[in-house]
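One letter stands for each residue in the lines below.
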Amino acid sequence: MDRKSNTRKSVKGTPESFIDSGFDGGKLVKGRKRHIVVYTIGCLLVVWVHAANMFDGKAARQVITNLFLLSHTVKMIWADCGYSGAELLNWVFLHFKCDLTVVKKKKGTQGFQILPRRWVVERTFVWLG
């Protein structure tokens, strides 16, 4: 059974990227968002970049669709909180028969904490940077 991790990151734009830039109200950044899907060891599978003002749930549909164009064996996707919501989880299961599991912080904790499966994606972002 294949398992993938999915997340997004907002980054500041450059003067050359002003056409495809937007403002991410959550991160307070004007620029673009990068969505990636990686294999369980961090190998990059899918990348999608768009203006930062696009809602993560809408972007997730495009990223996940691109993933299933590449591979039909995926049975589980771990994602960060930006991809939460019953509508998206149901959409993924209905269209691809795949479970989308949102990795959340433990309630009552503050500050940085290492989250299961989430660190693999963050490490890939570091490799890219």
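Bear in mind the structure is a predicted one, so any value in this text is a computation, not a measurement. (Residues numbered from 1 in each chain as written. Predicted model: local features only at pLDDT ≥ 70, side-chain atom pairs only at ≥ 80, totals over all residues. Heavy atoms only, no water.)

Things to note about the overall build of the chain
Thought 1: Per the secondary structure count, the chain includes three helices and six strands.
Thought 2: The long-range share in the chain, meaning contacts at least 24 apart out of those at least 6 apart in sequence, stands at 52%.
Thought 3: For the chain, the accessible surface area stands at approximately 7,800 Å², while carbon and sulfur atoms represent 59% of it. (Helix = DSSP H or I, 4+ residues; strand = E, 2+ residues; numbered from the N terminus. Contact = heavy atoms within 4.5 Å. Areas by Shrake-Rupley, 256 points an atom, 1.4 Å probe, with all protein chains shown as cover.)

What about the packing of helix α1 (residues 56–70) against helix α2 (residues 86–96)?
Thought 1: At their nearest, the axes of α1 and α2 sit 11 Å apart, and the two run at 20° to each other. By the angle class used here, α1 and α2 are roughly parallel. At the point where α1 passes α2, the crossing takes the right-handed sense. Residue-level inspection shows G57, A60, R61, I64, T65 and F68 of α1 in contact with α2, the latter providing E87, L88, W91, V92 and F96. (Axes fitted to C-alpha atoms, helices over the stretch in contact; angles between N-to-C directions. Parallel < 35°, antiparallel > 145°, perpendicular 65-115°, else oblique. Left-handed = near helix turned anticlockwise from the far one by under 90°.)

Quick notes on the packing of aromatic side chains
Thought 1: Applying the stated rule across the entire model yields two aromatic pairs.
Thought 2: A centroid spacing of 4.3 Å and a plane angle of 10° characterise the contact between F68 and F96, whose relative ring orientation is stacked. Placement of F68 in helix α1 and of F96 in helix α2 is noted, with a sequence separation of 28 residues between them.
Thought 3: Measuring from ring centre to ring centre gives 5.5 Å for W91 and F96, while their planes differ by 80°; the resulting arrangement is edge-to-face.
Thought 4: For W91, a relative accessible area of 15% translates into the label buried. (Phe/Tyr/Trp six-rings, centres within 6.5 Å; stacked < 30°, edge-to-face > 60°. Buried < 20%, exposed > 50% of the residue type's maximum accessible area, 1.4 Å probe, protein only.)

Topic: the nonpolar core
Thought 1: I64, L67, F68, I77, L88, V92 and C98 are the most contacted members of the largest nonpolar core, which has 17 residues in total.
Thought 2: Elements supplying a minimum of two residues to this core: α1, β5 (74–79) and α2.
Thought 3: Broken down by element, this core gets its largest block of residues, five residues, from α1.
Thought 4: By size, the runner-up hydrophobic cluster in this structure holds five residues, among which are I36, V38, V120 and F125. (Core = buried A, V, L, I, M, F, W, Y, C linked by side-chain atoms within 4.5 Å.)

Comments concerning the side chain of T124
Thought 1: Following the sequence through the fold, T124 ends up in helix α3 (residues 118–128).
Thought 2: Exposure remark for T124: the relative accessible area of 2% places this residue in the buried category.
Thought 3: If sequence neighbours within four positions are ignored, T124 has contacts with I36, V38, G42 and L44.

Considering the pairing of strand β6 (residues 99–102)
Thought 1: Residues L100 and V102 point to one face of β6 and are all buried, whereas D99 and T101, pointing to the other face, are not buried.
Thought 2: Examined bridge by bridge, β5 and β6 share four bridges and lie parallel to one another. Pairing of I77 across the sheet is with L100, part of β6.
Thought 3: Handedness of the β5-α2-β6 crossover: right-handed. (Pairing = 2+ DSSP bridges. Right-handed = clockwise from strand over helix to strand, strands pointing away.)

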